[in-house]
Every structure is written in C-alpha cells, then in structure tokens.
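In case you want the letters, here they are:
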Amino acid sequence: MERLRYFIQRTIFSMKQSPLLCSATIGTVAIALMLLSFFTLIVLNVQNLTKQWSRDIQVVIYLDQVPSQTALEQWLEEIQTYPEVESVTYVSQHEAFERFRLRLGQNKDLLDGLMPEILPAALEVSLKESARSREGTESLISLLKSNKEFHNFRYGQEWLDRYDAFIFLLQLTGSMAGGFLIFATLFIISNTIKLTIYARRDELEIMGLIGATPMFIKAPFMAEGAFQGTIGAILALGGCHMLYYFFLKKGLAALLTTAAAENIHFLPLTVQVGVIVIGLLLGFVGSLLPLRKFVRV
C-alpha cells in the first residue's frame, strides 16, 4: 500500500510540475480518439441502416398479362418451394393502382380518369434472411428465369452492393486515418514523457544510485501516461457524443425518414469501453517507449 501511495503521489506531482505538457498530451489523445470514435459511429450507423433496409429487399416479377387462376396457383406453389424464398404474394392491377394512389398522397388526383389496367400485375417475392445477399438474389433470379413467363424483374440488390462498397471505403479510410492518428498520439505522448524525464534526470539518477529498481523508477511515468490517456479517452467520448447529438443525429434525421432516423444510435457500451482501453494503452505504451531508452542509457 505504501508503494502504491507513493506511485500515485509521484504521478500527481509530476503532472502538477508540467501542466502544459500534461494538457497537451490529454488534448492530443482526446482529439485523436474523438475523430476515431466519430468515424466509427458513422460507419456503425450506416451499416445498421443498410441492414434495416436489406430486410425490405424483394424480387418483383412484373407480368405482361394477368394470369389465370390455375396458372397463378401453380406459380405461387412452385416459387414457395425455392430455398431462398420466405414468402410470395400476388399483387393484382387494382392493388398496384391503389398502392400507387396512396404513395402519391396529396397528388392522388393525378390518377383521376385512369384505369388500373395501366399498371401490370406482379409477384412480390420476399427472401429469407440468409439469402439477402447478391449471391442469394442472383441464385433466385436464375431459378425464376427457368419459367419463360418471367422475364421482367426488379430488385434493389445492386444499389445495396454500391452501398456496401461505400461502407468498405469508409472502413478503409477510417483505418488509415486511425493508424496515422494513433502513431501521432504515441509520438506526442512519448516526447512529453521524455521532456519530463529530462527535467527530472538528476533526481532519477540519484534514485538509481541509491538502489531503486528500474521498475520503481518507471512505474510513476507509466501510470502518468496511462492516466492521461484514460482522461483523454473520456473527453473524446464526451466530444463525440456532442457531435452525435448536435450534428449526426439531427443531420441524418433531416435526410432520412422518421423510421430510419430512429435507428441512429450512439456507440455501443462495448465500443465506448474499447475507446477508454485504447486511450489507456496509448498512454501506457507512449510512456514506455522513452523509458526503455532511458533505462538503457
């Protein structure tokens, strides 16, 4: 307990001795981790929204002619047996016309005088969750094309593939930027601790001469770095939450529908804990690097 109390006192004393360097280190960690956290927040929400939209993926088969009841029942029974299919629904011309009227809202008067026959009948095929991918959709399309009556298809998988490519680009950019920010943070923490060591080099040399072990000398500096990194990480989460509340949440809510905007969330608890751990490790490793050189000298 006495040794732990000494390490805590030395850590606090060292931070009080150089408040400017301490503030610079905490600020650097906070800015770096805030940018990383905010970028992660954007990627996670975009992935979540993509997952939500993928549930609405359907393969729609537009029919050139209204089928007979016998043919329709045969098609429905056949399509339902496909392994990728969750359900299949027939949409008549009248149902399609009423849907179109509802979507027009206040402009539904534009359809006055038109007949439901202007729209084709269709079969709406919902995919199982395991088949909601480009491969699953293409496999289903190839099965449906075996029926010569089916040749006009519509599905949104290509759009989602472009969205997946966009997410991959976000992740790649975030990884590159994150690596650079972490390297810069380690460099600044390392140099901050190095300046502190040089300022107290006489005291540390005396401690070594009277028999202090290397770990006894290094422990307060490592604790200082870890503490500064943890404080910086907590500040980063606070700053990221402000950006989320004032910019991301309201900005996306203005662009998306209300239902989609409700699916925008802050970082999960596990990710927040991970950010704090990363901050702690950044401070610890950043302080350990110059200390290893000092001990060798």
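The structure reproduced in this document is the subject of the present report.

**Digging into the sheet that holds strand 1 (residues 58–62)**
Line of reasoning, step 1. Pairing within the open sheet is antiparallel, and its four strands lie in the order 2-3-1-4. The open sheet terminates on both sides in strands that have one partner only, identified here as strand 2 (85–91) and strand 4 (153–154).
Line of reasoning, step 2. Where strand 2 and strand 3 (residues 122–127) come together, six bridges link them in antiparallel fashion. Of the residues in strand 3, the one forming a bridge with Ser87 is Ser126.
Line of reasoning, step 3. The strands that helix 3 (residues 69–80) touches are strand 1, strand 2 and strand 3; relative to strand 2, the one it contacts most, it runs at about 160 degrees.

**So, a nonpolar patch on the surface**
Line of reasoning, step 1. Judged by side-chain polarity, Leu269, Val273, Val277, Leu280, Leu281, Phe284, Val285 and Leu289 come together as a nonpolar surface patch covering roughly 670 Å² of accessible area.
Line of reasoning, step 2. Note on placement: Val277 falls in helix 10 (residues 269–296).
Line of reasoning, step 3. A relative accessible area of 43% places Val277 in the partly exposed class.

**Considerations on the pattern of salt bridges**
Line of reasoning, step 1. Following the criterion strictly, the structure yields two salt bridges and no others.
Line of reasoning, step 2. Put simply, Arg101 and Glu98 hold a salt bridge, and the shortest N to O gap is 4.0 Å. Pair noted here: Arg101 and Glu98 are both in helix 4 (residues 93–104), with a separation of three residues, about one helical turn.
Line of reasoning, step 3. What makes Glu98 partly exposed here is its relative accessible area of 42%.
Line of reasoning, step 4. Ionic pairing is found between Arg99 and Glu124, a salt bridge with its closest N-O pair at 2.4 Å. With a gap of 25 residues between them, Arg99 in helix 4 and Glu124 in strand 3 connect regions that are remote in the sequence.

**As for the packing of aromatic side chains**
Line of reasoning, step 1. Within this structure, the stated rule accounts for two aromatic pairs.
Line of reasoning, step 2. Seen from their ring centres, Trp75 and Phe150 are 5.0 Å apart, and the 70 degrees between their planes marks the pair as edge-to-face. Placement of Trp75 in helix 3 and of Phe150 in the loop between helix 5 (134–144) and strand 4 is noted, with a sequence separation of 75 residues between them. Residue Trp75 shares its accessibility class with Phe150, and that shared class is buried.
Line of reasoning, step 3. The interplanar angle of 50 degrees and the centroid separation of 5.4 Å between the aromatic rings of Tyr244 and Phe266 together place this pair among those described as tilted. Linking Tyr244 in helix 8 (residues 214–255) with Phe266 in the loop between helix 9 (258–261) and helix 10, this pair joins segments that are 22 residues apart in sequence. Like Phe266, Tyr244 is buried.

**Structural notes on the environment of Asp64**
Line of reasoning, step 1. Within the element layout of this structure, Asp64 appears in the loop between strand 1 and helix 3.
Line of reasoning, step 2. Residue Asp64 is classed as exposed on the basis of its relative accessible area, which comes to 58%.
Line of reasoning, step 3. C-alpha separation for the pair Asp64 and His151, spaced 87 residues apart in sequence, amounts to 9.2 Å.

**A closer look at helix 3**
Line of reasoning, step 1. If you check helix 3, its first and last C-alpha atoms are 16 Å apart, about what twelve residues at 1.5 Å a residue would give, namely 16 Å.
Line of reasoning, step 2. Among the residues making up helix 3, those that are buried are Leu72, Trp75 and Ile79. Around the axis of helix 3, the buried residues are gathered within 65 degrees of arc, so they sit on the same side. Facing away from the buried side of helix 3 by more than 90 degrees, the exposed set consists of Gln69, Thr70, Gln74 and Glu77.

Each value, and the rule that gives it
- Residues numbered from 1 in each chain as written.
- Predicted model: local features only at pLDDT ≥ 70, side-chain atom pairs only at ≥ 80, totals over all residues.
- Heavy atoms only, no water.
- Pairing = 2+ DSSP bridges.
- Helix = DSSP H or I, 4+ residues; strand = E, 2+ residues; numbered from the N terminus.
- Contact = heavy atoms within 4.5 Å.
- Axes fitted to C-alpha atoms, helices over the stretch in contact; angles between N-to-C directions.
- Patch = residues over 30% accessible without salt bridge, like charges linked within 9 Å, V, L, I, M, F, W, Y side chains within 5 Å.
- Areas by Shrake-Rupley, 256 points an atom, 1.4 Å probe, with all protein chains shown as cover.
- Salt bridge = Lys/Arg side-chain N within 4 Å of Asp/Glu carboxyl O.
- Buried < 20%, exposed > 50% of the residue type's maximum accessible area, 1.4 Å probe, protein only.
- Phe/Tyr/Trp six-rings, centres within 6.5 Å; stacked < 30°, edge-to-face > 60°.
- Expected span 1.5 Å × (residues − 1).
- Arc of directions from axis to C-beta.

Geometric descriptors of this kind do not, in isolation, establish any biological role.
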